[in-house]
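# Structural overview
Here is what each chain is made of, one letter per residue.
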Amino acid sequence: MISMLGGYDGLTRLLIVDDDAGVCETLGDIFSTMDFQVDSAATGGEALTKARLNGGYDAALLDIRLPDIDGLELMKRLRGMMPETVYVLITGHATVSNTVEALKEGASGYFIKPIVIDEMLHVVSGALEKQRLRRQIMESAERYRSLFESSPDGILIIDEDGKITDWNAAAEDIFGLRDREMEARPAAHLMTAAGLEKFAQMLAGSETRRGIVQVEGRHSDGSSIPLEMTVSSWGAAGRRYRTAIVRNVFERLRLEQQLRHAQKMETIGT
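Notes on the structure follow. (Residues numbered from 1 in each chain as written. Predicted model: local features only at pLDDT ≥ 70, side-chain atom pairs only at ≥ 80, totals over all residues. Heavy atoms only, no water.)

Bridge analysis of strand β6 (residues 154–159) against strand β7 (residues 164–167) gives three bridges, and the strand direction is antiparallel. Along β7, the bridge assignment pairs L156 with W167. What sits between the antiparallel neighbours β6 and β7 is a turn of four residues, in which G162 has the positive phi angle 85°. (Pairing = 2+ DSSP bridges. Helix = DSSP H or I, 4+ residues; strand = E, 2+ residues; numbered from the N terminus.)

What follows is the structure, encoded as structure tokens:
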């Protein structure tokens, strides 16, 4: 599968497929002035070969009637190789069925010859911008998920009903829960009776709770866990969520207690 958007050296790569050399030349000249790197092909077979050899394209303008492959069929084959590419179909004889099928198969536009160039430029540039934004969103989501999963602190996503909707591996380790044991579990169940009131107060806040609060969590084996927690609030799709970041501070408190004990013994000894 070929996947590229933006081409080499920042140029937008365009493939024009039409057995009319005049159409290829005219469209190629116009798009070249718009900072597109243009290739052309006279047949579907040539288009498939160029797509394989040249590393794919950001956009493709395809004539419906080609000597060897129907333009709709060519688009389907190219989409298997280049799923992120913007496709626009061109025809001299439009039919309702062709138009419907083209749009159903994912074409961003469908133009009848003679082409209104301004309209085509608008459709192609608009579709490319949507693809760029979609890719940025996907990359941001992947970066977020990577940070989420690799965090040494436990992270819980809690919905407005107080139920856990997402969590990371560190949270599973802290609370001793595995696989889907946290799914839809009330977050309050992760607190001891002593820690529940303070935890509920943090979740009730409508804004980010600045600073770290100490609460008492509950391990799956029933033991209590000393935790440091921060909670932030955010919205999505008309609902409110809380992100709780938790850290098990048992070992740190144990070492601090040992240090205080050692200092006390030194004072007694003097």
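As a further point, take the pattern of salt bridges. Inspection of the entire model under this criterion finds 18 salt bridges. The partner of K113 in a salt bridge is D18, and the shortest N-O contact between them spans 3.1 Å. Residue K113 is found in the loop between β5 (109–112) and α5 (117–150), and its partner D18 is found in the loop between β1 (12–17) and α1 (21–32); the two are separated by 95 residues along the sequence. Judged by its relative accessible area of 2%, D18 is buried. D63 is the partner of K113 in a salt bridge, and the nearest nitrogen-oxygen pair spans 3.7 Å. Taken together, the residues span a long stretch of sequence, with K113 in the loop between β5 and α5 and D63 in strand β3 (residues 59–63) at a distance of 50 residues. In this structure D63 comes out as buried when scored by relative accessible area, which is 5%. One continuous salt-bridge network, built from bridges that share partners, spans D159, E160, D161 and R239. (Salt bridge = Lys/Arg side-chain N within 4 Å of Asp/Glu carboxyl O. Buried < 20%, exposed > 50% of the residue type's maximum accessible area, 1.4 Å probe, protein only.)

As a further point, take the side chain of D153. Tracing the chain through its elements places D153 in the loop between α5 and β6. We classify D153 as buried; its relative accessible area is 15%. A distance of 2.8 Å separates the side chain of D153 from the side chain of R247, its partner in a polar contact. Contacts of D153, omitting those with residues within four sequence positions, involve N168, A170, I245, V246 and R247. (Polar contact = N/O pair within 3.5 Å; in protein donor to acceptor, adjacent residues only side chain to side chain. Contact = heavy atoms within 4.5 Å.)

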